[in-house]
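Structure at a glance
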Amino acid sequence: MKNRYDLIIIGAGSAGIVAAVHARGLRKKVLLIEKSKETRGSKFLNDIPFGSLSYHSSLILNSNKLENIGISAAKSSDGTKLFEHINEQVKNLSSHLELKNLEKMGVAVVSGEASFIDSHTVKCASKEYRAKKIIIASGSRPIVPEIDGLDSKNVLTTESLFNLKKLPGSVVIVGGGPAGIQAASAFSIMGVKTVVLEKGETILAREDDEIRAMVLDTLKKRGVTFVFKAIIENAQIEKRRCTLNFSDGKKSRRVTAERVLVCCGRKPALDNLGLESAGVEYDENGILVNRSLRTSVSNIYACGDVTGGYMYTNKAEAQASVAVVNALSLIRKKMDYSSLIWGLQTTPMVAHMGMTGSEAQARYGKFGIRIYKFPFKYSMHAALRSESGGLAKIICRPSGRILGAHVFGDNADSIVHELQIAKTNGIKFGKISLSMHIFPSYGDVLTKPSLRSYIDQYSRNILINIVRALIPHRRR
Ligand SMILES: Cc1cc2nc3c(=O)[nH]c(=O)nc-3n(C[C@H](O)[C@H](O)[C@H](O)COP(=O)(O)OP(=O)(O)OC[C@H]3O[C@@H](n4cnc5c(N)ncnc54)[C@H](O)[C@@H]3O)c2cc1C
């Protein structure tokens, strides 16, 4: 029958596209509904433009290194070409995910906003579609706090930032979370006077304490001003002159800049989905799912940002694979969140995997963990590149089992990926030192602390200690 499918997916973002491709691989009849004609989710609105902004700002720091040794490099001017270039990159990179290409794979695609009529029926643009299974992957949208004088049209959000034609002279960033700090990092390098207003007591609440402190220190040295415990009272937004009046807990203050960028997090996109009609339960954090990604309704699954929690593309895509397999096959899969990994596109980069130092200590106690640190100043490769300000921190159990890894520094992503492979395959940290690494390379950031871990394990081995105690020391 027409308009009947094995699977309907709501939202063609990171999670929805992975779900659609996966479901076609299982030879199922799939309908993908996407409300926007131009975008393919947050990946192309956020991750890729921010990644490009960060990369290009890091090139400015690299060109400064050349200037330090007398080689002059051209400097960026007002950023006009930069924003054009970023938008061009986004267009090129997203072209292979055009909805028409999914249609070529056999996925039926409908444009428009989907909403439930009942647990098997979805309505879009006045047509009804039925399916045995439904996956909700409607993502999230930026939060603009309710503040007198401030709304999503008169400020920049992470999504409208890349509509800018050129760099502002100054910016106030509201929010010191990942997006705000990524923006502060890039803007400060490009000479934009940057102030961050954060309502909490620190930035990057989810990062390891030491890594967070290093990011804060680096940005302050680059000229970024931070105000903590800042509660914004009202705003006067005029063309090229925005004033925010706020209290810092002690007194009323004001800050003025050319633009305001709001980075106050994201909320699950639940509006107009008609979840009540299908009986799908949700709360302010998103759609409620179990580890199989099933909602309160047995034939409806949800994945990606709409389920709340950590909002990252890799998590959305991993959840999509689990949801599809559970929805369409007899195999039962569960999400494993123990190896969550993410990066912050700051310069240098932050890479985060598993538990932070304080999380591990809270779980296993002070004596139940070993922390191995390697400041980049001891890495020859980092020294060659004048990148000696970083830190690698690896958190293990006394047995050498890896619990988490946190790196702030050049190449942080590759360094943490190596540890992620070790962790997910049960390889103890000390074993990394037994694998040859290229010299010079950032391999030394891992091999040296890994050798310390290996020696620790070796010295803990009861059998070896007994043998050593039994063998008499040779006289010199
Ligand atoms: C500034 C910023 C930078 C980021 N950088 C990174 C990064 O570097 N790395 C990383 O891993 N993550 C990053 N993220 C997070 C990442 O973008 C998201 O976690 C990820 O894209 C979520 O995928 P999703 O499929 O759940 O949602 P989305 O990709 O947002 O897709 C949801 C789709 O559903 C559509 N939709 C919504 N409602 C309906 C409806 N009713 N009917 C039909 N269609 C609908 C939307 O139009 C959208 O296309 C960043 C986020 C921000 C804000």
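Residues numbered from 1 in each chain as written. Predicted model: local features only at pLDDT ≥ 70, side-chain atom pairs only at ≥ 80, totals over all residues.

Comments concerning the sheet that holds strand β8 (residues 156-157)
- Within the open sheet, the 5 strands sit side by side as β8-β15-β9-β10-β11. Their pairing is parallel. In the strand order of this sheet, the two ends are held by β8 and β11 (225-227), each with one partner.
- Where strand β10 (residues 193-197) lies against β11, 3 bridges are found, and the strand directions are parallel. Residue Val196 lies in a different strand from β11, and its bridge partner there is Phe226.
- Running at roughly 165 degrees to β10, helix α5 (residues 178-189) makes contact with β9 (170-174), β10 and β15 (259-262) of the sheet. (Pairing = 2+ DSSP bridges. Helix = DSSP H or I, 4+ residues; strand = E, 2+ residues; numbered from the N terminus. Contact = placed C-beta atoms within 7 Å. Axes fitted to C-alpha atoms, helices over the stretch in contact; angles between N-to-C directions.)

Some details on the site of the ligand
- The ligand sits among 41 residues. The nearest are Gly11, Gly13, Gly41, Gly139 and Gly304.
- The greatest single-element share of the shell around the ligand, amounting to 6 residues, is contributed by helix α2 (residues 42-68).
- Here the shell around the ligand spans two domains, and each of domain 1 (1-39 + 98-140 + 265-336) and domain 2 (41-96 + 144-264) adds at least three residues to it. (Near = placed C-beta within 6 Å. Domains from an automatic or database assignment.)

Some thoughts on the domain arrangement of the chain
- When cut into domains, the chain gives domain 1 (1-39 + 98-140 + 265-336), domain 2 (41-96 + 144-264) and domain 3 (348-463).
- Centre-to-centre separation of domain 1 and domain 3, based on C-alpha positions: 38 Å.

Focus on the pairing of β10
- β10 sits mainly inside the fold: 4 of its 5 residues count as buried.
- Both β9 and β10 contribute to a ladder of 5 bridges, which runs parallel. The residue bridging Val172 from the neighbouring strand is Val195, located in β10.
- Viewed along the sheet, the connection from β9 through α5 into β10 turns out right-handed. (Buried ≥ 20, exposed ≤ 12 C-beta atoms within 10 Å, placed from the backbone. Right-handed = clockwise from strand over helix to strand, strands pointing away.)

Description of the environment of Ala405
- Here Ala405 shows up in strand β24 (residues 402-408).
- Taking the C-alpha atoms as reference, Ala405 lies 6.0 Å from Ile395; in sequence the two are 10 residues apart.
- Excluding its chain neighbours within four sequence positions, the residues that come into contact with Ala405 are Met353, Gly354, Ile394, Val416 and Leu419.

Overview of unusual backbone geometry
- With an omega of -5 degrees, the peptide bond between Thr347 and Pro348 qualifies as cis.
- Tracing the sequence through the fold places Pro348 in the loop between β20 (341-344) and β21 (350-354).
- The step from Phe439 to Pro440 runs through a cis peptide bond, and the omega angle for that step is -10 degrees.
- In this structure, Pro440 sits in the loop between α11 (412-424) and α12 (444-460).
- At Leu293, a position not held by glycine, the phi torsion is positive, near 70 degrees.
- Inspection of the secondary structure puts Leu293 in the loop between β18 (286-287) and β19 (300-302).
- Leu293 gets classed as buried once you count the C-beta atoms within 10 Å, which come to 28.

Some details on the nonpolar core
- Counting residues in each nonpolar core, the largest one holds 75 residues, and the members touching the most others are Val172, Val260 and Leu261.
- The dominant element in this core, judged by the number of residues it contributes, is α5, at 7 residues.
- Composition of this core by domain shows at least three residues from each of domain 2 (41-96 + 144-264) and domain 3 (348-463).
- In contact with Leu261, other than residues within four places in its own chain, are Val155, Leu156, Leu161, Val171, Ile173 and Ala183.
- In this structure, Tyr129, Ile136, Val289 and Tyr301 belong to the second largest nonpolar core, which totals 49 residues. (Core = buried A, V, L, I, M, F, W, Y, C linked by C-beta atoms within 7 Å.)

Digging into the environment of Asp271
- The topology assignment puts Asp271 in the loop between β16 (266-268) and α7 (275-278).
- Exposure remark for Asp271: the 11 C-beta atoms within 10 Å place this residue in the exposed category.
- Separated by 156 residues in the primary sequence, Asp271 and Ser115 place their C-alpha atoms 9.3 Å from one another.

Here we look at the packing of α2 against α5
- Here α2 crosses α5 at 35 degrees, and the two axes come no closer than 9 Å. Crossing hand, α2 versus α5: left-handed. On the side of α2, the interface is formed by Phe50, Leu53, Ser54, Ser57, Ile60 and Leu61, while α5 contributes Gln182, Ser185, Ala186 and Ile189.
- A class-by-class count of the residues in the contact of α2 with α5 yields 6 nonpolar, 4 polar and no charged. (Left-handed = near helix turned anticlockwise from the far one by under 90°. Nonpolar A, V, L, I, M, F, W, Y, C, P; charged D, E, K, R; others polar.)

Let's talk about the packing of helix α1 (residues 14-25) against helix α8 (residues 313-328)
- Between α1 and α8, the shortest axis-to-axis distance is 8 Å and the interhelical angle comes to 35 degrees. Once α1 is placed against α8, the crossing between them reads as right-handed. Each of Ser14, Ala15, Val18, Ala19, His22 and Ala23 in α1 lies in contact with α8, whose residues at this interface are Thr313, Ala316, Glu317, Gln319, Ala320, Ser321, Ala323, Val324 and Leu328.
- Grouping the constituent residues of the contact of α1 with α8 by class yields 9 nonpolar, 5 polar and 1 charged.

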